[in-house]
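Results of the structural survey
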Amino acid sequence: MVAVRVENVSKRFGAVTALEGVSLDIAAGELYFLVGPSAAGKTTLLRCLAGLETPDEGRILFGGEDVTRVEPHLRQTGMVFQNYALWPHLNVADNVGFGLKQLRTPRVEIAARVREALAMVRLTGEEDKRIHELSGGQQQRVALARALVIQPRCLLLDEPLSNLDARLRQELRGEIRRVCKEAGLTAIYVTHDQKEALSLADRVAVLAGGRVRQIATPRELYRRPRDRFVADFIGETNFIAGEVLHAEAGAAWVRTALGEFQGALADAAVAPAAGAKVLLSVRPECFRLLDEPAEENTIAGKIGEVTYFGEVAHYAFETAGQPLRISELNPRSWEGRRDKTLYAYADADDVVVLPAE
């Protein structure tokens, strides 16, 4: 495993700036995710790490070694692509051992390392199968084994689950984390799937427009987004515009058209002044529906449209100011409450006070 450092990296393609001043510190053995919308710069950054692109500015270091202009095959990185890039005319064992053959590894060692890599991805006994005989999930495991067999310093994954159906994606998420942790790999993983990042990552960097918007653990990212873009990109949320009454010790009291709220500051070190315009972010599942109003952070309204999924129901909550989205786990009897005035309550720790943009 190796620590990876990205220092002020920029990359342009003609008039298009794909990356602008990106800096990251990735610890040895960390499973680190790069997320963001299309054209955020995620894949460009991964290609720079792999040596497939060269930054126009900045440096990339593996364990303190400057590899910015080192050839890809000398970086000792393994890469798993979106389309797997497997050879259809080779069997599983030959696909996995292909890179070792290019490195002129002795045949006996190749056989031993291929067996070890296939065991790690739970494909023992499948060595002689052709690629077309495998399921999509098995092909993904072969691609992962091929990256692992060269014993890389760093594993790079570019949306490796995007071609699989939802059920298989969910099943293989845990497998990828298990393999990376058992092998002690530093892994950098690109995805646009927020749930994938939240469920697998040690830390996540959110990119947009070639810049880093926030770096945090999955829990911090979801519960304390730093700005509107991150709050909206990572999961669902309700935004409520307001004005600060006063702020202290990481909290703020805010007046909105829906009432007054106490909330937690997105950045506890930066307290907005009284009168500052802010935006409250409240996740749908953070609201609780009450029959009587609470003392604070309460909005009166009625249940409108309901979308029922069995384990959860999503409500359009109609208020005098703006409609809200509310989610309720294990919903039972919303029909009997639809004509009643109810009160949506959110705990102050679940209300995030963001800077207005």
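Residues numbered from 1 in each chain as written. Predicted model: local features only at pLDDT ≥ 70, side-chain atom pairs only at ≥ 80, totals over all residues. Heavy atoms only, no water.

A short note on the overall build of the protein chain
Where we set the bar: Secondary structure elements follow DSSP: runs of H or I of four or more residues count as helices, runs of E of two or more count as strands, with numbering from the N terminus. Three exposure classes are used, based on accessible area relative to the maximum for each residue type with a 1.4 Å probe and protein chains only: buried under 20%, partly exposed in between, and exposed over 50%. Contacts were defined at the residue level, with two residues in contact if any of their heavy atoms lie within 4.5 Å. Neither His nor the chain ends is counted toward charge; the positive residues are Lys and Arg and the negative residues Asp and Glu. Positions of charges follow a simple convention, taking NZ of Lys, CZ of Arg, CG of Asp or CD of Glu.
Secondary structure assignment for the protein chain yields 9 helices and 20 strands. Projected onto the principal axes, the alpha-carbon positions of the protein chain cover approximately 75 × 45 × 35 Å. Here the protein chain holds 357 residues, and 50% of them are scored as buried. Pairs at least 24 residues apart make up 66% of the contacts formed inside the protein chain by residues separated by at least 6 positions. When the 44 positive and 49 negative side-chain charges of the protein chain are each reduced to one mean point, those points stand 5 Å apart.

Quick notes on helix H4 (residues 107–120)
The condition is simple: For a helix, the expected span equals 1.5 Å multiplied by the residue count minus one.
Its 14 residues place the ends of H4 20 Å apart at the C-alpha level, agreeing with the 20 Å of an ideal helix rising 1.5 Å per residue. Buried positions along H4 lie against helix H2 (92–96), helix H3 (98–102), helix H5 (136–148) and helix H6 (166–183). With its phi angle positive at about 60 degrees, Arg-122 sits one or two positions after the end of H4.

As for the state of the cysteines
Just so we agree on the cut-off: Note on disulfides: each one is a pair of cysteine sulfur atoms within 2.5 Å.
Evaluated as defined, the whole model comprises 0 disulfides. Unpaired in this structure, Cys-154 has its nearest cysteine sulfur neighbour in Cys-180, at a distance of 9.9 Å. Judged by its relative accessible area of 2%, Cys-180 is buried.

Here we look at unusual backbone geometry
Phi is positive for Gln-76, which is not a glycine, with a value near 60 degrees. Here Gln-76 lies in the loop between strand E5 (65–66) and strand E6 (77–80). One non-glycine residue, Arg-122, adopts positive backbone phi at about 60 degrees. You can see Arg-122 is positioned in the loop between H4 and H5. Overall, Arg-122 belongs to the exposed group, its relative accessible area being 53%.

Some points on the pattern of salt bridges
Filter applied, for reference: Note on definitions: salt bridges are taken to be side-chain nitrogens of Lys or Arg within 4 Å of carboxyl oxygens of Asp or Glu.
In this structure the tally under the stated criterion is 25 salt bridges. Ionic pairing is found between Arg-226 and Asp-267, a salt bridge with its closest N-O pair at 3.9 Å. Separated by 41 residues along the polypeptide, Arg-226 in the loop between helix H8 (218–223) and helix H9 (228–233) and Asp-267 in the loop between strand E13 (259–265) and strand E14 (277–282) bring together distant segments of the chain. One continuous salt-bridge network, built from bridges that share partners, spans Arg-5, Glu-7, Asp-25, Arg-59 and Asp-66.

Quick notes on the sheet that holds E5
Strand pairing within a sheet occurs via backbone hydrogen bonds; the two strands may be parallel or antiparallel. Applicable threshold: Think of it this way: DSSP has to see at least two bridges between two strands before they count as a pair. Between the N-to-C directions of two axes lies an angle of 0 to 180 degrees, each axis being a line fitted to C-alpha atoms and, for a helix, fitted only over the stretch in contact.
Read across the open sheet, the 4 strands follow the order E2-E1-E4-E5; overall the sheet is antiparallel. Edge positions in the sheet fall to strand E2 (16–26) and E5, since each of these pairs with one other strand and no more. Sheet topology note: the strand E1 (residues 4–13)/E2 ladder contains 7 bridges and is antiparallel. Counterpart to Val-4 in the pairing with E2 is Ile-26. Running at roughly 65 degrees to E2, helix H1 (residues 42–50) makes contact with E1, E2 and strand E4 (57–62) of the sheet.

Some thoughts on the sheet that holds strand E18 (residues 324–329)
Reading across the sheet, the 5 strands line up as E15-E19-E16-E17-E18 and stay open at both edges, with antiparallel pairing between neighbours. Looking along the sheet, the strands with just one partner apiece sit at the ends: strand E15 (287–290) and E18. This sheet shows a mean twist of 50 degrees between the axes of neighbouring strands, independent of strand direction. Of the strand pairs in this sheet, strand E16 (residues 298–308) and strand E17 (residues 312–319) are connected by 6 bridges, and their pairing is antiparallel.

In short, the description is geometric, and any link to function would need to be established separately.
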